[in-house]
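As a plain string of letters, each chain reads:
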Amino acid sequence: MIKARVPAENPEANLGDYNKRYQSFNWKDIEEQFTWHTTGRINIAHEAVDRWAMDPERKERKALIFEKGDTVAIFTYLQLKEKSAQWANLLVRFGFETGDRLFVFLPPCPEIYFALLACARIGALFCPVYATSTFDEVSVRISDAVPRGILTHPDLVEMLPTDIQDNTEFIFLTEGPLPNLLANEILVGGIPQQMPTEFCNIWLRPRSPLYLSYTSGSTGPPKGVVHAHDDMVGILSTAREVLDLREDTVLWVDADPAWVTGIVYGVLAPWLCGATALVQGDPFEAANWYWTLEKHSVSVWYTTPRTLTRLKEAGGNLASRYDMSHLRHMATVGAPLVPDIFYWVKQHLGRSPHDTYWMTETGMICLANFPSMDIKPGAMGRPVPGVEVAILDEDGEPMPPLSLGELAIRAGWPAMMVGLWLDEDRYRAYFNEKGWFLTGDIAIMDDEGYYFHQGRNDDLIKAGGHKVIGPYEIEQILCMHPAVSEAAVISKGSEPDEGVSYLKAFITIHKGFTPSIRLNHEIKAFVKASLSSDIIVKELSFLERLPKTRSGKLLRRVLRAGELGLPAGETANMEE
Ligand code: WTA
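Residues numbered from 1 in each chain as written. Predicted model: local features only at pLDDT ≥ 70, side-chain atom pairs only at ≥ 80, totals over all residues. Heavy atoms only, no water.

**Details of the overall build of the protein**
Reasoning step 1: Across its full length, the protein carries 19 helices and 26 strands.
Reasoning step 2: A compact globule built from 576 residues would reach a C-alpha radius of gyration of about 25 Å, and the protein, at 24 Å, matches this within 12%.
Reasoning step 3: In terms of overall dimensions, the protein has C-alpha extents of about 75 × 55 × 55 Å along its principal axes.
Reasoning step 4: Across the protein, every contact between residues at least 6 apart in sequence was considered, and the portion connecting residues at least 24 apart equals 68%.
Reasoning step 5: Element-wise, carbon and sulfur atoms account for 51% of the exposed surface of the protein, whose accessible area totals about 23400 Å².
Reasoning step 6: Where the 55 positive side-chain charges of the protein centre and where its 75 negative ones centre are 3 Å apart. (Helix = DSSP H or I, 4+ residues; strand = E, 2+ residues; numbered from the N terminus. Rg over C-alpha atoms; globule rule 2.2 N^0.38 Å. Contact = heavy atoms within 4.5 Å. Areas by Shrake-Rupley, 256 points an atom, 1.4 Å probe, with all protein chains shown as cover. Lys, Arg positive; Asp, Glu negative; His and termini not counted. Charge placed at Lys NZ, Arg CZ, Asp CG, Glu CD.)

**Structural notes on the sheet that holds strand β12 (residues 300–303)**
Reasoning step 1: Overall, mixed pairing links the nine strands, which are arranged β2-β1-β11-β10-β12-β13-β14-β15-β16 in an open sheet. This sheet does not close on itself; its edge strands, each paired only once, are β2 (71–76) and β16 (382–383).
Reasoning step 2: With six bridges connecting them, strand β1 (residues 62–68) and β2 associate as antiparallel partners. Residue pairing across strands places Lys62 opposite Thr76, the latter belonging to β2.
Reasoning step 3: Across the sheet, helix α5 (residues 77–93) is in contact with β1 and β2; its angle to β2 comes to roughly 90°. (Pairing = 2+ DSSP bridges. Axes fitted to C-alpha atoms, helices over the stretch in contact; angles between N-to-C directions.)

**Topic: the site of the ligand**
Reasoning step 1: Taken together, 18 residues sit near the ligand, with Trp259, Asp355, Thr356, Thr360 and Asp441 positioned nearest.
Reasoning step 2: Thr356 places a polar main-chain atom, nitrogen or oxygen, 2.7 Å from a nitrogen atom of the ligand.
Reasoning step 3: One of the side-chain nitrogen or oxygen atoms of Arg456 is found 3.2 Å away from an oxygen atom of the ligand.
Reasoning step 4: Contributing elements (two or more residues each) for the shell around the ligand: β14 (353–357) and β21 (451–456).
Reasoning step 5: Sorting elements by how many residues they give to the shell around the ligand places β14 first, with three residues.
Reasoning step 6: Among the residues making up the shell around the ligand, the classes are represented as eight nonpolar, six polar and four charged. (Near = heavy atom within 4 Å. Polar contact = N/O pair within 3.5 Å; in protein donor to acceptor, adjacent residues only side chain to side chain. Nonpolar A, V, L, I, M, F, W, Y, C, P; charged D, E, K, R; others polar.)

**Details of helix α10 (residues 232–241)**
Reasoning step 1: Taking burial as the measure, the ten residues of α10 include nine buried ones, the bulk of the element.
Reasoning step 2: Looking only at α10, the buried set comprises Met232, Val233, Gly234, Ile235, Leu236, Ser237, Thr238, Ala239 and Glu241.
Reasoning step 3: Against the buried residues of α10 lie α1 (18–24), α2 (27–31), α3 (36–39), α4 (44–53) and α11 (260–272). (Buried < 20%, exposed > 50% of the residue type's maximum accessible area, 1.4 Å probe, protein only.)

**Quick notes on the sheet that holds strand β26 (residues 535–542)**
Note on sheets: strands pair through backbone hydrogen bonds, and any given pair is parallel or antiparallel.
Reasoning step 1: Strands sit in the order β24-β25-β26 across an open sheet of three strands; the sheet is mixed. One side of each edge strand has no neighbouring strand; the edge strands of this open sheet are β24 (484–495) and β26. Across the sheet, the axes of successive neighbouring strands diverge by a mean angle of 25°, strand direction being ignored.
Reasoning step 2: Note: strand β25 (residues 500–509) against β26, seven bridges, orientation parallel. Each residue of the ladder has a partner; that of Ala505, found in β26, is Leu540.
Reasoning step 3: Packing of helix α18 (residues 517–528) onto the sheet brings it into contact with β24, β25 and β26, and relative to β26 it is tilted by some 150°.
Reasoning step 4: Running over the sheet, helix α19 (residues 556–564) touches β24, β25 and β26 and is turned about 50° from β24.

**Quick word on the pairing of strand β11 (residues 276–280)**
Reasoning step 1: Counted residue by residue, β11 has five buried out of five residues, so it is predominantly covered.
Reasoning step 2: Here β11 shows no split at all, with Thr276, Leu278 and Gln280 on one side and Ala277 and Val279 on the other all buried.
Reasoning step 3: Pairing geometry for β1 and β11, over four bridges, is parallel. In the sheet register, Leu64 faces β11, and the bridge partner there is Ala277.
Reasoning step 4: Where strand β10 (residues 250–253) meets β11, three bridges bridge the pair, whose relative direction is parallel. In the sheet register, Trp252 faces β11, and the bridge partner there is Leu278.

**Structural notes on α4**
Reasoning step 1: Of all ten residues in α4, ten are buried; the element is thus mostly enclosed.
Reasoning step 2: Every buried residue of α4 is accounted for by Ile44, Ala45, His46, Glu47, Ala48, Val49, Asp50, Arg51, Trp52 and Ala53.
Reasoning step 3: Residues of α4 that are buried sit in contact with α3, α5, α6 (110–122), β8 (209–215), α10 and α11.
Reasoning step 4: Near the N-terminus of α4, the side chain that reaches the backbone nitrogen of Ala45, with its oxygen 2.9 Å away, is that of Asn43.

**Focus on the packing of aromatic side chains**
Reasoning step 1: A full pass over the atoms with the stated rule returns 21 aromatic pairs.
Reasoning step 2: Both rings, one in Trp252 and one in Trp301, keep their centres 5.7 Å apart while their planes meet at 10°; by these two values the pair is stacked. Of this pair, Trp252 sits in strand β10 while Trp301 is found in strand β12, placing the two residues 49 residues apart along the sequence.
Reasoning step 3: Trp252 sits in the buried class, given a relative accessible area of 0%.
Reasoning step 4: When its relative accessible area of 0% is taken as the criterion, Trp301 is described as buried.
Reasoning step 5: Taken together, the aromatic side chains of Trp413, Tyr427, Tyr430, Phe431 and Phe437 make up a single cluster linked through ring pairs.
Reasoning step 6: In this structure, Arg410 is placed above the aromatic ring of Trp436, and the distance from its NZ or CZ to the ring centre is 4.3 Å.
Reasoning step 7: Above the ring of Tyr502, the side-chain terminus of Lys538 is found at 4.4 Å from the ring centroid. (Phe/Tyr/Trp six-rings, centres within 6.5 Å; stacked < 30°, edge-to-face > 60°. Lys NZ or Arg CZ within 6 Å of the ring centre and 35° of its normal.)

This is how it looks when you write it as structure tokens:
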């Protein structure tokens, strides 16, 4: 287990002393901070936007800064309230009701956020889809959720299957004019501006649905994860304690708005805190990323290990040319933050990235490296206050520290999904009979309560009959070879009698190295020296790049499927 420790960066952060906070924490104290605690009237749009817009001291504060190319659009809390009220009026005008679904199939643009709040106001479900989705991906999702309307752009309309175009009641287009609008196509253009800027929110139940986000499983079609209005309790608490948001924070979350991170922490979290959300609509470009941090005086940045890896590839020199003095906290999510990247960032950006762990299904961060807590590079951190986490064995029983098993969360935390869209069976399969939610992630907890990710359940490698190994550890060993940049390993069967497990490794190599048979043998010999004799890396392939999701998660199952000649399964969200 990793022993290195990096001292807490900001002991003054919101959370304070971790152990004290964890022990004294009570969700009721967080609930009391919402207006519905006294009024009984629940709607996240009210808590995230309206209450600040109705407060003379706060209404002119910036709620959203949206940048794309040369244009920067800024919306105050008051403007955001009015715009989203106009959009809610528009939806109602077209017959939308509580429980209806609105698909949002757009590249990053302010309309996405107006639509999100408009849906919240009427209790409709906001369903974002990546603008880069394939025809099939869009089709599967839309056929599953059967939305009343789809908000999209003329350039993307062609991606919509014809039967869906015909059967969806409304297709709202953000821009035009179009040569031939179909009967159900509505050019939104200036319509919202003609709508009233006031809207009477529908008051909802705590668990009334707010959004529907599709996530790919390792088997079967994508799962429609449904989240509710009272997720706000968990979002507010983690926004303050993990991301250290305050009212004067400018938070930049460089995640696509179709990814749960882009919605939950991209906008809902900063708005619930009365802070400013920055959205950068341009595709990644290293210099532009640093410039965005400097130009908007970003104070908190929530990013991914993949983005940091790309910044590393662009070189430390580039980083030194920008002024990031306003940046007081940075965190990552989505994939392991490996020590190599951690230390590079610390050296070249002058602050520590704080790894956090959560899933679409959890609705909020569940494990985190808090700003006021020492970091162990390579660890996902410790459970957020109010959330109970354990490592379970195959019988679903919690295991002692330093055991490898499945990461599980005690069901009932506030932002837990309310269900899977029309799929009660798959929803139930997430929970064991003892009330634990099973994440499908394999992890180890050390004796100080820090969790280390070891891969996904379905990536497990068995050796010697019962021994279970996460692929991550072996990949880390491969990466210690100077030529290896990234690695993925999959199981290639075993010889149970001899207790030997064979693996295949896929690697990408650093610039300056060339794939060769000699290098292939050399790397295999290198790992052999560090692995027990029952685990053998038998084959090794050089790849240009490893298959990953758009958020940078390694897709070992795609490699496995390729090896076995099987279908790769749902590859939505996969990087092109
Ligand atoms: C993985 C993301 C390692 C994990 C908000 C999880 C991580 C899946 C980490 C959820 C981390 C997330 N270290 N792996 N810090 N954070 N993951 O639904 O496998 O897109 O189950 O939600 O990402 O991905 P999702």
